[in-house]
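# Observations on the three-dimensional arrangement
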Amino acid sequence: SSLPCSSLPAVFSVDGPSASASPPGCGWMFPEGEWQFLHSIEATIPGGQKVLLMGLTVISSRARTARCVIMTIEGLVVFDAGYDRQIIINRGISPFNSEDFAKGLMDDIQMLFFRPQGRLIRSGVLKNGSPVCRYENPDGHIVDLISDSDESWELKQYRQGFALDRTVRASPGRKGGQNDSIGIPSRLELMAYSPPGYTLVLDLVEAV
């Protein structure tokens, strides 16, 4: 039988001294400070077509500002926008020139790289034992941050009415090399379910 889409997964309390209102595991997955990321991006757009792109993202966690430049593999800039409390589109080539696309992309970038803006409403474990922190954002979205034992993590965002809106799966960062950034995921997979629906797979090339 299929689960109704109008209910959130149950969060169970963790008994014992570790059961504080905000366990240390909440929000550990988001980069602190100022970062520049270069990703190779495989986008699957409506109709199943796959597009290969490069994405340069510059963020400041303290100011919650972001700049995103998307290029073709050949180096043509098809999208360039910034976010500083509002979205500023510097360049957009069709189909990357719509305001809806720019807003959706900037929302995705904030979801991937910034802690949820809302308040922590529950923390505990899911039925399978994975630690979870549940936030309620000012826009009414519910965001679950789910930690896995191997430093990978998952984010699930639910719309009002609790329908699943987006999921993010993050693979753990590499360890050891000079330029390896512990805690910066080596791969991020984002699935957007709301129409038009799309998938983005971001493989980390460089983090500075």
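Reading the values: rules and limits
Residues numbered from 1 in each chain as written. Predicted model: local features only at pLDDT ≥ 70, side-chain atom pairs only at ≥ 80, totals over all residues. Heavy atoms only, no water. Pairing = 2+ DSSP bridges. Helix = DSSP H or I, 4+ residues; strand = E, 2+ residues; numbered from the N terminus. Axes fitted to C-alpha atoms, helices over the stretch in contact; angles between N-to-C directions. Contact = heavy atoms within 4.5 Å. Buried < 20%, exposed > 50% of the residue type's maximum accessible area, 1.4 Å probe, protein only. Salt bridge = Lys/Arg side-chain N within 4 Å of Asp/Glu carboxyl O. Core = buried A, V, L, I, M, F, W, Y, C linked by side-chain atoms within 4.5 Å. Phe/Tyr/Trp six-rings, centres within 6.5 Å; stacked < 30°, edge-to-face > 60°. pLDDT = per-residue confidence, 0-100. Disulfide = S-S within 2.5 Å.

Consider a sheet: its strands pair through backbone hydrogen bonds, and that pairing is either parallel or antiparallel. Strand order across the open sheet formed by twelve strands is β5-β4-β3-β2-β1-β12-β11-β10-β9-β8-β7-β6, with antiparallel pairing between neighbours. Each edge of the open sheet carries a strand with a single partner, namely β5 (87-92) and β6 (119-125). Looking at each pair of strands side by side, their axes are set apart by 15° on average, direction ignored. Alignment of strand β11 (residues 187-192) against strand β12 (residues 198-207), held across six bridges, turns out to be antiparallel. By the bridge assignment for β12, R187 is matched with D203. Relative to strand β4 (residues 77-83), helix α1 (residues 99-113) is tilted by about 65°, and along the sheet it contacts β1 (34-45), β2 (49-60), β3 (65-72), β4, β5, β9 (153-158), β10 (164-171), β11 and β12.

Moving on to unusual backbone geometry. Positive phi outside glycine occurs at R85, with the angle close to 70°. Here R85 lies in the loop between β4 and β5. According to the relative accessible area criterion, R85 is exposed, its value standing at 70%. Here E151, not a glycine, exhibits a phi torsion of approximately 75°, which is positive.

Side-chain pairs of opposite charge can arise where the charged atoms are in close proximity. Inspection of the entire model under this criterion finds 13 salt bridges. Measuring nitrogen to oxygen at the nearest pair gives 3.4 Å for the salt bridge that ties E154 to R169. Linking E154 in strand β9 with R169 in strand β10, this pair joins segments that are 15 residues apart in sequence. Overall, E154 belongs to the buried group, its relative accessible area being 14%.

Our next topic: the nonpolar core. By size, the foremost hydrophobic cluster in this structure holds 41 residues, and its most contacted members are F79, L155, V168, L188 and L190. For this core, the element with the highest residue contribution is α1, accounting for seven residues. Residues within four places of V168 in sequence aside, it is in contact with M111, L112, W153, E154, L155, L188, E189 and L190.

Taken as a whole and judged by the stated rule, the model has five aromatic pairs. Ring geometry for F37 versus F113: centroids 5.0 Å apart, planes at 20°, classification stacked. Placement of the pair is F37 in strand β1 and F113 in helix α1, with a sequence separation of 76 residues. Summarising the burial analysis for this pair, F37 and F113 share the class buried. Clustering of aromatic rings is evident, with ring pairs tying together W35, F37 and F113.

Once that is clear, we can look at the confidence of the model for the protein. Chain-level statistics for the protein give a pLDDT mean of 87 and a share of 87% at 70 or above. Note that pLDDT drops below 50 for residues 17-23; the model gives that stretch seven contacts with residues more than four away or on any other chain.

Such a bond, covalent and formed between the sulfur atoms of two cysteines, is termed a disulfide. Tallied over the entire structure, the rule returns one disulfide. Note on cysteine connectivity: C26 is disulfide-linked to C133, with sulfurs 2.0 Å apart. Between C26 and C133 the sulfur-sulfur dihedral comes to about -90°; the bridge is accordingly left-handed. Taken as a pair, C26 in the segment before β1 and C133 in strand β7 (residues 131-136) lie far apart in primary sequence, 107 residues in all. Of the two residues examined, C26 and C133, each falls in the buried class.

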